[in-house]
Amino acid sequence: MSGDRTSPRYEMIAGTRRRWRREQKLAILAEVDAPGGSVSEVARRHALHTSLLFRWRRDLAKRTRSASASSEQSFLPVRLPPPSVPALPAPARAGTIEVVLAGGRTLRVGADVDTAVLVRIVEALEAQR
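Below you will find a few notes about this structure. (Residues numbered from 1 in each chain as written. Predicted model: local features only at pLDDT ≥ 70, side-chain atom pairs only at ≥ 80, totals over all residues. Heavy atoms only, no water.)

In this structure, the largest pocket occupies an estimated 310 Å³ of space. In terms of lining residues, the largest pocket is bounded by Thr 16, Arg 17, Arg 18, Arg 19, Trp 20, Lys 25, Leu 48, His 49, Ser 51, Leu 52, Arg 55 and Trp 56. At four residues, the largest contribution of residues to the lining of the largest pocket is made by helix H3 (residues 50–72). (1 Å grid on protein atoms, 1.4 Å probe; cavity = no way out; pocket = protein on both sides within 12 Å on 5 of 7 lines; lining within 4 Å. Points joined across faces, edges and corners; volume = space filled by probe spheres on them. Helix = DSSP H or I, 4+ residues; strand = E, 2+ residues; numbered from the N terminus.)

What follows deals with the pairing of strand S1 (residues 96–100). Taken together, the five bridges between S1 and strand S2 (residues 106–110) define a ladder with antiparallel strand orientation. If you follow Ile 97 over to S2, its bridge partner there is Val 109. Counting the residues between successive antiparallel strands, the hairpin from S1 to S2 contains five residues, one of them, Gly 103, with a positive phi of roughly 90°. (Pairing = 2+ DSSP bridges.)

Residues Leu 76, Val 78 and Leu 80 make up a contiguous nonpolar surface patch of roughly 390 Å² in combined accessible area. Summarising the element assignment, Leu 80 is placed in the loop between H3 and S1. For Leu 80, a relative accessible area of 71% gives the class exposed. (Patch = residues over 30% accessible without salt bridge, like charges linked within 9 Å, V, L, I, M, F, W, Y side chains within 5 Å. Areas by Shrake-Rupley, 256 points an atom, 1.4 Å probe, with all protein chains shown as cover. Salt bridge = Lys/Arg side-chain N within 4 Å of Asp/Glu carboxyl O. Buried < 20%, exposed > 50% of the residue type's maximum accessible area, 1.4 Å probe, protein only.)

Next up on the list: unusual backbone geometry. If you check the backbone angles, Ala 47 has positive phi at about 55° while not being a glycine. With respect to the helices, strands and loops of the structure, Ala 47 is situated in the loop between helix H2 (39–45) and H3. The class for Ala 47 is exposed, based on a relative accessible area of 57%.

This structure, assessed with the given rule, holds four salt bridges. When the shortest N-O distance is used, the salt bridge between Glu 23 and Arg 21 registers 3.7 Å. Summarising the burial analysis for this pair, Glu 23 and Arg 21 share the class exposed. Here Arg 57 makes a salt bridge to Asp 33, at a shortest N to O gap of 3.4 Å. With a gap of 24 residues between them, Arg 57 in helix H3 and Asp 33 in helix H1 (residues 22–33) connect regions that are remote in the sequence. Note on Arg 57: relative accessible area 33%, which makes it partly exposed.

Together, Arg 17, Arg 19, Arg 55, Arg 58, Lys 62 and Arg 65 make up a region of like positive charge exposed at the surface. Assignment of secondary structure puts Arg 55 in helix H3. (Lys, Arg positive; Asp, Glu negative; His and termini not counted. Charge placed at Lys NZ, Arg CZ, Asp CG, Glu CD.)

Helix length check: H1 (twelve residues) gives 16 Å between terminal C-alpha atoms against 16 Å at 1.5 Å per residue, within 8%. For H1, the complete set of buried residues consists of Ile 28, Leu 29 and Val 32. Taken end-on, H1 shows its buried residues confined to a sector of 100°, consistent with a single buried face. Of the exposed residues in H1, those oriented more than 90 degrees away from the buried face are Glu 23 and Asp 33. (Expected span 1.5 Å × (residues − 1). Arc of directions from axis to C-beta.)

Of all hydrophobic cores here, the largest spans ten residues; its members are Ile 28, Leu 29, Val 32, Val 39, Val 42, Ala 43, Leu 48, Leu 52, Leu 53 and Trp 56. If you list the elements that add at least two residues to this core, you get H1, H2 and H3. Not counting residues within four places of it along the chain, the set of residues in contact with Leu 53 comprises Ile 28, Leu 29, Val 32, Val 39, Val 42, Ala 43 and Leu 48. (Core = buried A, V, L, I, M, F, W, Y, C linked by side-chain atoms within 4.5 Å. Contact = heavy atoms within 4.5 Å.)

Put into structure tokens, the structure is as follows:
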């Protein structure tokens, strides 16, 4: 048998993945943002997929938002107007009680009348009969 089979042989294949520095990414994205720039044209020119440019753009936006949010976070003074007191509902109009006495006489009094007073009035009117 020929060859040593105890140690496996590996063949190194060169990868096609490229590494981009931040400055390079920003320069390529600037080409897209330039007047008349197109994502597909810039991607073709640099032999990139358009999805990679969109990912770079999204990642850049995230970094920018998080950097600006973390450096600008602060409390703001807020002045609120004093709470308004709700208007009290108008008191309900006192109802009217109508008492029909013997002989067809009618007595109308407010619902807030004192019962003892009403009894005396009715007794006095009945006594006059």
